[in-house]
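# Chains, contacts and geometry: an overview
Spelled out from the first residue to the last, the chains are:
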Amino acid sequence: MGKISASWRDLGGVMQNKTEDSKTCTGVMISARAYTSILAEALSRDPLETGGILLGHYKSGIWYIVEATDPGVETFHSEIHSVMDEKYHNHLYPVLSRIYREDLYLMGLWHRHPGSLDTLSFDDHETNRKYAEVIGNGTLSILLNLDPEPRLTCYYLDFNKTGKYYRPPIYIGDRKFRGTGYLNLASPDELFRRQAQMKVEISCNP
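Residues numbered from 1 in each chain as written. Predicted model: local features only at pLDDT ≥ 70, side-chain atom pairs only at ≥ 80, totals over all residues. Heavy atoms only, no water.

## Considering helix α1 (residues 32-45)
We count it as follows: Only DSSP runs of H or I covering at least 4 residues are called helices, and only runs of E covering at least 2 are called strands; the numbering of each starts at the N terminus. Expected helix span is taken as 1.5 Å per residue step, with the number of steps being one fewer than the number of residues. Each residue is assigned to one of three classes by its accessible area relative to the maximum for its type, calculated with a 1.4 Å probe on protein chains only: buried under 20%, partly exposed between the two thresholds, exposed over 50%. Starting at the helix axis, one direction is taken to each C-beta atom, and the arc is that of these directions.
A rise of 1.5 Å per residue sets the reference length of α1, with its 14 residues, at 20 Å; its end C-alpha atoms lie 20 Å apart and thus fit the reference within 8%. For α1, the complete set of buried residues consists of Ala34, Tyr35, Ile38, Glu41 and Ala42. End-on, the buried residues of α1 take up no more than an arc of 135°, which puts them together on one face. Exposed and oriented more than 90 degrees from the buried face of α1 are Leu43 and Ser44.

The structure is reproduced here in structure tokens:
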């Protein structure tokens with residue numbers, strides 16, 4: 001997104017850690033639905049940049065991405081830059097979360113990059129820093145390239161501990177979620193029990 005950085009030195013001294021693994025993020029699992037959503041959105045705007053937010057769960061160093069959104073309604077797209085709709089995401093977050101048995105949490109964001117560029121720009125870094133502060137446990141930043149086959153590159157910013165970027169491995173598919181319960185939908189009884197909570201969430205996001 002935005003100006004492309006020439007090197008990691010452009011990221012305000014925050015370097016990618018290539019020699020160590022992050023204990024806070026040892027791997028990223030992406031559901032079939034989330035991956036399909038990412039690819040469909042990117043192809044619908046090709047060759048323009050686009051993106052969305054990532055929702056899911058964190059457990060024992062593994063980040064599980066259950067949902068990936070589109071950018072929203074009030075957006076901007078060019079071949080080197082895109083702007084997402086924050087108001088839209090504030091509405092969509094509880095709408096998606098409520099259909100699952102376990103509430104979803106903000107995990108980071110994804111976006112399409114032009115050509116084969118799979119490194120972060122300075123603007124990407126600034127956005128990642130803001131997300132990391134909100135999430136409180138670092139943030140994921142997933143890049144999609146279509147060159148021409150789809151290719152994902154995942155960066156994890158360990159903002160609070162080391163202040164460095166890591167590149168955890170990515171695994172796509174629902175079988176990686178077996179035993180977690182994270183893909184289980186809420187039952188009608190559970191939805192009725194959450195009715196008051198859901199009314200509050202919707203009233204806060206008109």
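## A word on the confidence of the model for the protein chain
Heads up, the rule is: What pLDDT reports is the predictor's confidence in each residue, on a scale of 0 through 100. Throughout, a contact is declared for two residues whenever any of their heavy atoms are within 4.5 Å.
The share of residues in the protein chain with pLDDT of 70 or more is 89%, and the mean pLDDT across the chain is 88. Across the protein chain, strand β3 (residues 62-68) holds the top mean pLDDT of 98, while helix α5 (residues 195-204) sits lowest at 86. Segment residues 1-19: pLDDT under 50, and 48 contacts once partners within four positions in sequence are set aside and those in other chains are kept.

## Observations concerning the environment of Ile62
Within the secondary structure layout, Ile62 lies in strand β3. On the basis of relative accessible area, Ile62 is assigned to the buried category, the value being 17%. As for Ile62 and Lys23, which are separated by 39 residues in sequence, their C-alpha atoms are 9.4 Å apart. Ignoring sequence-local partners within four residues, the contact set of Ile62 consists of Thr26, Gly27, Met29 and His57.

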